[in-house]
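Coordinates in review
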Amino acid sequence: MNGEERGGFEPATGEGVPPAETAEARAASVRAAWAGLLQIRRLTNGPDEAAESVPADWERHRPVRSVALALEAAGLPASAVDLSGRRVATGYQVTDGPSPGTARVEWLGPPGSGAVHEEEAELARCVAALRECGWTALLYRGPRRRRFLEVEPAGSPRR
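Residues numbered from 1 in each chain as written. Predicted model: local features only at pLDDT ≥ 70, side-chain atom pairs only at ≥ 80, totals over all residues. Heavy atoms only, no water.

**Re the pairing of strand β5 (residues 135-141)**
- One ladder, built from seven bridges, connects β5 with strand β6 (residues 147-153); its direction is antiparallel. The residue bridging Ala137 from the neighbouring strand is Val151, located in β6.
- Counting the residues that bridge the hairpin from β5 to β6 gives five residues, and of these Arg144 lies at a positive phi of roughly 60 degrees. (Pairing = 2+ DSSP bridges. Helix = DSSP H or I, 4+ residues; strand = E, 2+ residues; numbered from the N terminus.)

Structure representation (structure tokens):
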């Protein structure tokens, strides 16, 4: 059962199985979800012309979902796993960050995919996409010198 059958759109976080819908149907779902998110921003962040450029409170309470949607809407690929949990696609993975209201983004792929060699450039693409959407993304090196991003809302809505 996919996200739509359960009652709502689920952005690709890179932790689940690839979406079952066609690429065209998925792209349409992502566009609709992104348009809805921008509408939430306009309604809750006030009449300021920059209202769409700042995450809404709704996003701040759901950073994994919001960051994943921003990355997917920007056209970046999500990683994925099969039903046994084995990684089958190279792309971003969004998980909970170290503190409330934050997310962590990694660039992962199946063994031998070369994802480790792509991570610096691909995470830089993630940073650029997230900045455009009102998120601050800082690049870090973790265990085994693997890079990752910590992501948080860039600022407070102006009211």
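Now, onward.
**Considerations on the packing of helix α3 (residues 63-73) against helix α4 (residues 115-132)**
- Direction vectors running N to C along α3 and α4 enclose 105 degrees, while the axes themselves pass 9 Å from each other. When the interaxial angle is binned, α3 and α4 end up roughly perpendicular. Between α3 and α4, the contacting residues are Val67, Ala70 and Leu71 on the first element and Cys126, Ala129 and Leu130 on the second.
- Looking at the contact of α3 with α4 residue by residue, the class counts come to six nonpolar, no polar and no charged. (Axes fitted to C-alpha atoms, helices over the stretch in contact; angles between N-to-C directions. Parallel < 35°, antiparallel > 145°, perpendicular 65-115°, else oblique. Contact = heavy atoms within 4.5 Å. Nonpolar A, V, L, I, M, F, W, Y, C, P; charged D, E, K, R; others polar.)

**Considerations on the sheet that holds β5**
- Here four strands make up an open sheet; going across it, the order is β3-β4-β6-β5 and the pairing antiparallel. Two strands in the sheet have a free side with no partner beyond their single neighbour: β3 (91-96) and β5. Taking the axes of each pair of neighbouring strands and ignoring which way they run, one obtains an average angle of 30 degrees across the sheet.
- Looking at chain direction, strand β4 (residues 103-108) and β6 are connected through three bridges and run antiparallel. Looking at β6, one finds that Arg104 is bridged to Glu150.
- Packed onto the sheet, α3 meets β3, β4, β5 and β6 and runs at close to 165 degrees relative to β3.
- Along the sheet, α4 makes contact with β3, β4, β5 and β6, crossing β4 at roughly 140 degrees.

**Digging into the pattern of salt bridges**
- According to the stated counting rule, one finds 12 salt bridges in the structure shown.
- Between Arg60 and Asp57 there is a salt bridge; the shortest N-O distance is 4.0 Å. Pair noted here: Arg60 and Asp57 are both in helix α2 (residues 57-60), with a separation of three residues, about one helical turn.
- A network of salt bridges, in which partner residues are shared, links Glu119, Glu120, Arg146 and Arg147. (Salt bridge = Lys/Arg side-chain N within 4 Å of Asp/Glu carboxyl O.)

**Regarding α4**
- In this model α4 runs 24 Å from its N-terminal to its C-terminal C-alpha over 18 residues, within 8% of the 26 Å that 1.5 Å per residue would give.
- Turning to α4, its buried residues are Ala115, Glu119, Glu122, Leu123, Cys126, Val127, Ala129 and Leu130.
- With its phi angle positive at about 90 degrees, Gly134 sits one or two positions after the end of α4. (Expected span 1.5 Å × (residues − 1). Buried < 20%, exposed > 50% of the residue type's maximum accessible area, 1.4 Å probe, protein only.)

**Regarding helix α1 (residues 23-44)**
- Spanning 22 residues, α1 covers 31 Å between terminal C-alpha atoms, matching the ideal 32 Å at 1.5 Å per step.
- Taken residue by residue, α1 has Arg26, Ser29, Val30, Ala33, Trp34, Leu37, Leu38 and Arg41 as its buried positions.
- Those residues of α1 hidden inside the fold are in contact with α2, α3 and β5.
- Taken from the residues just after α1, Gly46 is the one with a positive phi, measuring 95 degrees.

**Focus: the confidence of the model for the protein**
- The pLDDT averaged across the protein works out to 90; a share of 92% of its residues lies at or above 70.
- Note on residues 1-5: pLDDT is under 50 here. Beyond four places in sequence and across chains, it has seven contacts. (pLDDT = per-residue confidence, 0-100.)

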